[in-house]
Number of protein chains: 2
Amino acid sequence: MEQEIIYTRDWVGPVFDAIAELVPDKAILITDTNVDRDVLTLQRDRIYGAVDDIITISSGESAKNLDTLAYVWKRLADAGCTRHSLVINFGGGVVSDLGGFAAATFKRGIQFVNVPTTLLAMADAAIGGKTGIDFAGYKNEVGAFAPACRVIMDEGLLSTLPERELRSGFAEVVKMALILNDPIYDELIKEDALHDSELMRRAIKMAADGKLLIVNSDPYEKGARRMLNFGHTAGHAFESYAESIGKPISHGEAVAYGMLVALRLSCDRNGYPVKKVDEYEENILKRYYEPLPFGEEAEPELQRLMAHDKKNIKNGEINWVLLK
Amino acid sequence: MEQEIIYTRDWVGPVFDAIAELVPDKAILITDTNVDRDVLTLQRDRIYGAVDDIITISSGESAKNLDTLAYVWKRLADAGCTRHSLVINFGGGVVSDLGGFAAATFKRGIQFVNVPTTLLAMADAAIGGKTGIDFAGYKNEVGAFAPACRVIMDEGLLSTLPERELRSGFAEVVKMALILNDPIYDELIKEDALHDSELMRRAIKMAADGKLLIVNSDPYEKGARRMLNFGHTAGHAFESYAESIGKPISHGEAVAYGMLVALRLSCDRNGYPVKKVDEYEENILKRYYEPLPFGEEAEPELQRLMAHDKKNIKNGEINWVLLK
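Residues numbered from 1 in each chain as written. Chains lettered and ligands numbered in written order. Predicted model: local features only at pLDDT ≥ 70, side-chain atom pairs only at ≥ 80, totals over all residues. Heavy atoms only, no water.

Turning next to the overall build of chain A. Per the secondary structure count, chain A includes 13 helices and 10 strands. Computed over the C-alpha atoms, the radius of gyration of chain A is 20 Å, within 12% of the 20 Å expected from 2.2 N^0.38 for a compact globule of 324 residues. The principal-axis extents of the C-alpha atoms in chain A amount to approximately 60 × 40 × 35 Å. Within the span of chain A, comprising 324 residues, buried residues form 56% of the whole. (Helix = DSSP H or I, 4+ residues; strand = E, 2+ residues; numbered from the N terminus. Rg over C-alpha atoms; globule rule 2.2 N^0.38 Å. Buried < 20%, exposed > 50% of the residue type's maximum accessible area, 1.4 Å probe, protein only.)

Now the structure itself:
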């Protein structure tokens, strides 16, 4: 997958560079209402001079639907975009998922650049080429494998991100450190690691480079990419269950607890050190995440949810991603 | 582009083979109301045993829209399709364009097989991976480059095709013979070539294999594939103009006249033999196509239409595809 990650302390510069080097006939920035209000506004003058149009979609996962997609396609058509135009996705995972899919299908595919503005998008969603929308009640039911030609990472964009969203993304950063067995993990478990911007800058690089490496070894998710699912087997079940009882939790919170389940199983089955699990529980889980809004009564339904997801099942059993 | 073309005299057999070899968890056939009524009905019992569901869309270019696409996505979701399901597009260009795009994007892409039922689709649309829908008033505004994994060609399916549609597809067959300078051209200009099923079987193979060869040398339409546009520069203008004055002509008719323009320019600019142009006019154009429904008065508007299509313009001039 040809995907270049650019680390910067001023995201506007690399956007200018991308436009100068890719020479699109039109450059269109896609963002959402929250990012527009909180982040883009700081650079509005510089950005307005560089792009031909700005498409603002509603913020939140509920906007990741067919109506919004059709709206973006229509705006691209109205702006006179051609196969030689460029889309710049400026926002979190919803913007890069939907904007990426719109670009991947407009005129049978135009180039796009991702500028993630959330920690979750920096560490995960903006990289690797998975784009799409939710449809007919299913997440990412419709989409394409289409990589952004460039991903521009500016950790400074996180300064206005709400604490809860920072914590949600942190779980994916920790996940990458765990599955890559990266030494930065020892720093991530220190107090207030999440607010140490120099550390986070390095952690984002570890997570993004690591994800790209794994994705490149398996672009269509046939094998190695599965390890990215560490913590997600139970995590997705926690997320669905919490939503079903009207007490929704963040993706990161769900994954953080999902990783605890996977770590414990890694001890039982693979001899993973118990000490590491305790360390994780103490320094990551308890420090950054609220207790789950349900108890043991959820067990049967959680089992059912995990078994229902076909991706989890191999030879009739739940196929956990575990560490060694 | 991994695309296998299978030539057969019984299309159902290779569909069974595809299902047996690709082992999808679901096999869904997509067709349109006309093809369903005129063609599929003859094989209904055999096909019903092989596929899990049949999705029938309205026939005609006007069905190639977002509503129909959403309907197909919904039906695939309702049928419980997964990433390991298979779509079989059974119909003309609208079915393979829309069904192919639906498959290319459902769950970020599932495999599909094309079984073209029109001469135009056999010679052109079903091969090469261009899929998509019309959107916001533009043809193929949204889509993907996604090849059918197999294309099953059964010339016998043409037996119920209306004469006008046969003639429309014939123009693309003749185009391929001209641009490939294939000896079969001398047979195609003989009387009643269009109704000689043995000849047409060979001509379809020439056109389909030829298109695949060109497409494989240029899958994303950056260079060589442009030669497939022979006859289409003026042809598209004829088609648009005829529609604008309320006297629509078929795509093939437009291309047949577009090829005359391109052949004459090939004489003037490249020394292409005048005798060949006369031969084309006498044995193809006059034999199979009605006179255009407009005269010289259309000239300024036709020029404008050609210049308006950015694909046609290079260094400020119309960039004709010509023969030598």
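Residues and elements named next belong to chain B. Strands sit in the order β1-β8-β5-β4-β2-β3 across an open sheet of six strands; the sheet is parallel. Among the strands making up the open sheet, the edge pair consists of β1 (4-7) and β3 (53-57). For this sheet the average axis-to-axis angle between neighbouring strands, irrespective of direction, equals 20 degrees. Bridging between strand β4 (residues 86-91) and strand β5 (residues 111-116) involves six bridges; their strand directions are parallel. The partner of asparagine 89 across the bridge, within β5, is asparagine 114. The strands that helix α5 (residues 93-105) touches are β2 (27-32), β3, β4 and β5; relative to β4, the one it contacts most, it runs at about 165 degrees. Set on the sheet, helix α9 (residues 197-216) makes contact with β1 and β8 (150-153); between it and β1 the angle comes to about 175 degrees. (Pairing = 2+ DSSP bridges. Axes fitted to C-alpha atoms, helices over the stretch in contact; angles between N-to-C directions. Contact = heavy atoms within 4.5 Å.)

With that settled, the discussion passes to helix α4 (residues 66-78) of chain B. Residues and elements named next belong to chain B. For α4, which comprises 13 residues, the first-to-last C-alpha distance of 18 Å matches the rise-based estimate of 18 Å (1.5 Å per residue) to within 8%. Burial in α4 covers these residues: Leu66, Thr68, Leu69, Ala70, Val72, Trp73, Leu76 and Ala77. A side-chain oxygen of the first residue of α4 lies 3.1 Å from the backbone nitrogen of aspartate 67; this N-cap is asparagine 65. Count one or two residues on from α4 and you reach glycine 80, which has phi positive near 75 degrees. (Expected span 1.5 Å × (residues − 1). Polar contact = N/O pair within 3.5 Å; in protein donor to acceptor, adjacent residues only side chain to side chain.)

What follows concerns the pairing of β4(B). The buried fraction of β4(B) is high, at six of six residues. Here β4(B) shows a buried face lined by Leu86(B), Ile88(B) and Phe90(B) and a second buried face lined by Val87(B), Asn89(B) and Gly91(B).

Glancing now at the interface of chain A and chain B. In this assembly, 29 residues from chain A lie in contact with 29 residues from chain B. With both chains or domains summed, chain A and chain B bury close to 2500 Å², and 58% of this area falls on carbon and sulfur atoms. Taken together, the connections running from chain A to chain B amount to two salt bridges. Among the ionic pairs, Lys107(A) bridges to Glu141(B), the shortest N-O distance being 3.0 Å. Remark: the boundary between chain A and chain B carries six residue pairs in polar contact (both at pLDDT 80 or more). When contributions to the side of chain A that touches chain B are tallied by element, the ones reaching two or more residues are α4 (66-78), α5 (93-105), β6 (130-135) and β7 (138-145) of chain A. For the side of chain A that touches chain B, the element with the highest residue contribution is β7(A), accounting for seven residues. (Buried area = accessible area lost by both parts, 1.4 Å probe. Salt bridge = Lys/Arg side-chain N within 4 Å of Asp/Glu carboxyl O.)

Before going further, it helps to examine the pattern of salt bridges. All chains considered together, the criterion is met by 46 salt bridges over all chains. The partner of Glu163(A) in a salt bridge is Arg167(A), with the nearest N and O atoms 2.7 Å apart. One end of the pair, Glu163(A), and the other, Arg167(A), are both in helix α7 (residues 163-180), four residues apart, so they sit about a helical turn from each other. On the basis of relative accessibility, which here comes to 30%, the residue Glu163(A) falls in the partly exposed class. Across the pair Asp10(B) and Arg46(B) runs a salt bridge, and its minimum N-O distance is 3.0 Å.

Fair warning: the whole summary comes from geometry, so function is off the table for now.
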